[in-house]
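Here's the letter readout for the chains.
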Amino acid sequence: MVAGRLQPGGGARFGPLSLVDEPPPDLPGDGWVRIRPRLAGICGSDLSTIDGAAARYFEPIVSFPFVPGHEVVADLDGSDGPATGARVVLEPVLGCVARAVQPPCAACARGDLGGCERVAFGAIAPGLQTGFCCDTGGGWSTELVAHGSQLHTVPADMSDEAAVMVEPTACAVHAALRCEVEPGDVVAVVGAGTLGLLTLASLRQLTEPARLIIGAKHPAQRRLATELGADVVAQPHELIRAVRRATGSLAAGSQLTGGADVVVDCVGSNESLAEALRMVRPRGRVVLVGMPATVDVELTSLWHREVDLRGAYAYGTEVIAGRGAVRTFDLAFELVQAARLDRLVTARYPIDRFEDAVAHAAQAGRRGAVKIVFDLRSEKDRYR
Ligand SMILES: [Zn+2]
Ligand SMILES: [Zn+2]
């Protein structure tokens, strides 16, 4: 088995990441199956982890050494169950059901898997998701184990490229719904990488903003932003001016007097959060979708203007007007097909070129790319 495996520590690029041959993980218990990845995506959170930029916060809720990769479309292993040969998408959160925690925590009982309170406990090692847990393996490999409750069957007419976009799209769908957009709102999106573009598509599909404005720098990002439903695509340094124009605000210094009803930060840096606070209206909402680490941001305007700052992580169950409770992954499957989000997969790499793949993902926007994936479909080790 080949795998990109992370050891603790790091700091230097690729420092903790190495390619190793090792036996696949054992099945942790009843209800677990083996899956063989076909495509596995590289997420911004993977890049932060490899760079050693992820927060110490994660230490108690991950377990080393782990194989990264939580955006996965895979084949169910033939020897493990009746659904031989079925393609599946992994829902990577390792909640109470996968951990055999009885009774499940309040969040899992509600179906809010992303809010599970037991990701460091139960029958398997700590790990908030597959791809951060030493017992499960991860998507950047030829084989891992998954609990049956984590698997969603891929429709026969859906490509692998579309299926690998389901997990990041589920994050974006949940984020768009966390924005609680009211009809007529002006919504601004900061960041036009994978998460920014997917959040834009989700906002367009699931909410009714009067104006949906995004800052996007690179030509491919700008084209995709238009195709996915942005009303205004501004250069990043012009985004605040576009919001000012759309809302009839004045500028007092670098701060808008009014601003967007909702600003969605799909980057998670000092700069992006500071920018979001400059362009949100008083009593507006900033939703943090891009994974931040430690940020150093002036919060006086948040205090003075009574702005709400909220996070958006993962997925679970959403309540949709007219439909009731729906799994976020089901909404993501629908959106990937309706908005043809497979087009965001712009490069595929074999696992032994993991350094090139990670470097490409880190510079995706500049190099005209969006989502970079590992292609494991022709790895010899899949056919032992
Ligand atoms: Zn991710
Ligand atoms: Zn739970």
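Rules and cut-offs
- Residues numbered from 1 in each chain as written.
- Chains lettered and ligands numbered in written order.
- Predicted model: local features only at pLDDT ≥ 70, side-chain atom pairs only at ≥ 80, totals over all residues.
- Heavy atoms only, no water.
- Donors = N, O, S within 2.8 Å, 3.2 Å for Na, K, Ca; no water.
- Helix = DSSP H or I, 4+ residues; strand = E, 2+ residues; numbered from the N terminus.
- Tetrahedral: all angles 85-135°; square planar, octahedral: opposite > 155°, others 65-115°.
- Buried < 20%, exposed > 50% of the residue type's maximum accessible area, 1.4 Å probe, protein only.
- Contact = heavy atoms within 4.5 Å.
- Axes fitted to C-alpha atoms, helices over the stretch in contact; angles between N-to-C directions.
- Parallel < 35°, antiparallel > 145°, perpendicular 65-115°, else oblique.
- Left-handed = near helix turned anticlockwise from the far one by under 90°.
- Nonpolar A, V, L, I, M, F, W, Y, C, P; charged D, E, K, R; others polar.
- Core = buried A, V, L, I, M, F, W, Y, C linked by side-chain atoms within 4.5 Å.
- 1 Å grid on protein atoms, 1.4 Å probe; cavity = no way out; pocket = protein on both sides within 12 Å on 5 of 7 lines; lining within 4 Å.
- Points joined across faces, edges and corners; volume = space filled by probe spheres on them.
- Salt bridge = Lys/Arg side-chain N within 4 Å of Asp/Glu carboxyl O.
- Phe/Tyr/Trp six-rings, centres within 6.5 Å; stacked < 30°, edge-to-face > 60°.
- Arc of directions from axis to C-beta.
- Pairing = 2+ DSSP bridges.
- Right-handed = clockwise from strand over helix to strand, strands pointing away.

### What about the coordination of the zinc ion (ligand 1)?
Bound to the zinc ion (ligand 1) on the protein side are Cys43 (SG) and His70 (NE2), at distances that span 2.1 to 2.3 Å. Placement of the pair is Cys43 in the loop between β3 (32-41) and α1 (44-51) and His70 in the loop between α1 and β4 (72-76), with a sequence separation of 27 residues.

### Details of unusual backbone geometry
Of note, the amide linkage connecting Phe64 to Pro65 takes the cis form, showing an omega dihedral of -10 degrees. Among the structural elements, Pro65 can be located in the loop between α1 and β4. That bond from Gln102 to Pro103 is cis: its omega, -10 degrees, falls within 30 degrees of zero. Along the chain, the position of Pro103 falls in the loop between β5 (87-90) and α2 (106-110). You will see that Glu180, though not glycine, has its phi angle at about 45 degrees, which is positive. Assignment of secondary structure puts Glu180 in the loop between α4 (166-178) and β8 (186-190).

### Remarks on the coordination of the zinc ion (ligand 2)
Any two of four tetrahedral donors ideally make an angle of 109.5 degrees at the metal, while pairs among six octahedral donors ideally make 90 or 180 degrees. With distances of 2.3 to 2.4 Å, the protein atoms coordinating the zinc ion (ligand 2) are Cys96 (SG), Cys105 (SG), Cys108 (SG) and Cys116 (SG). For the zinc ion (ligand 2), the 4 donor atoms in the first shell make angles of 102 to 118 degrees at the metal, a pattern classed as tetrahedral. Here the donor residues for the zinc ion (ligand 2) map to a single chain with the spacing C-x8-C-x2-C-x7-C. Of the two residues, Cys96 sits in the loop between β5 and α2 while Cys116 sits in the loop between α2 and β6 (144-147), which places them 20 residues apart along the sequence. Classification of Cys96 by relative accessible area gives buried; the value is 1%.

### With respect to the environment of Gly131
Within the secondary structure layout, Gly131 lies in the loop between α2 and β6. In the structure, Gly131 is positioned 69 residues away from Val62 in sequence and 9.1 Å away in space, judged by C-alpha atoms. If sequence neighbours within four positions are ignored, Gly131 has contacts with Phe66, Val67, Pro68, Gly69, Thr136, Gly137 and Gly138.

### A closer look at the packing of helix α7 (residues 239-247) against helix α8 (residues 270-279)
Packing of α7 against α8 brings their axes to within 10 Å, and their N-to-C directions diverge by 20 degrees. Classified by the angle between their axes, α7 and α8 sit roughly parallel to one another. By crossing handedness, the relation of α7 to α8 is classed as right-handed. Each of Leu239, Ile240 and Val243 in α7 lies in contact with α8, whose residues at this interface are Glu275, Arg278 and Met279. A class-by-class count of the residues in the contact of α7 with α8 yields 4 nonpolar, no polar and 2 charged.

### Here's the deal with the nonpolar core
Counting 56 residues, the largest nonpolar core has Leu203 and Val264 as the members making the most contacts within it. Among the secondary structure elements, those contributing two or more residues to this core are α3 (160-164), α4, β8, α5 (194-206), β9 (211-215), α6 (219-227), β13 (260-265) and α10 (328-338). Non-local contacts of Leu203, meaning those with residues more than four positions away in its chain, are made with Ala176, Cys179, Val181, Val187, Val189, Pro209, Leu212 and Val264. Counting 20 residues, the second largest nonpolar core, distinct from the first, contains Val186, Leu239, Val243 and Met279.

### Details of the layout of surface pockets
Size it by volume and the second largest pocket reaches roughly 320 Å³. Leu177, Val181, Leu206, Thr207 and Ala321 are, among the 13 residues lining the second largest pocket, the residues nearest its centre. At the level of secondary structure, the elements contributing two or more residues to the lining of the second largest pocket comprise α4, α5 and β16 (317-320). Residues of the lining of the second largest pocket, tallied by class, amount to 8 nonpolar, 2 polar and 3 charged.

### Quick look at the pattern of salt bridges
Under the defined criterion, the tally for this structure stands at 24 salt bridges. Across the pair Asp77 and Arg36 runs a salt bridge, and its minimum N-O distance is 2.6 Å. With Asp77 in the loop between β4 and β5 and Arg36 in strand β3, the pair connects residues that are 41 residues apart, well separated along the chain. We note that Asp77, like Arg36, is buried.

### Some remarks on the side chain of His360
Inspection of the secondary structure assignment puts His360 in helix α11 (residues 354-362). His360 gets classed as buried once you look at its relative accessible area, which sits at 10%. Those residues in contact with His360 that sit more than four places away from it in its chain are Ala347, Tyr349, Arg367, Ala369 and Ile372.

### What about the packing of aromatic side chains?
Within the structure shown, the criterion is met by 5 aromatic pairs. Taken together, Phe64, Phe66 and Phe132 form an aromatic cluster joined through their ring pairs.

### Structural notes on α7
All of the buried residues along α7 are Leu239, Ala242 and Val243. Taken end-on, α7 shows its buried residues confined to a sector of 100 degrees, consistent with a single buried face. Summarising the contacts, the buried residues of α7 are in contact with β8, β9, β10 (232-234), β12 (255-256), β13 and α8. One or two steps after α7, the chain reaches Gly248, where phi turns positive at roughly 60 degrees.

### Some details on the pairing of β13
Working note: regular strand, side chains alternate between the two faces of the sheet. The buried count for β13 comes to 6 of 6 residues, which makes it a mostly enclosed element. Taken together, the 4 bridges between β8 and β13 define a ladder with parallel strand orientation. Bridge pairing in β13 links Ala188 to Val263. Relative to strand β14 (residues 280-288), β13 is paired through 5 bridges, and the arrangement is parallel. Following the sheet pairing, Ala260 is matched in β14 by Val280. In this region the chain leaves β13, passes through α8 and returns to the parallel neighbour β14; the handedness of that crossover is right-handed.

That is the geometry; function is a separate question.
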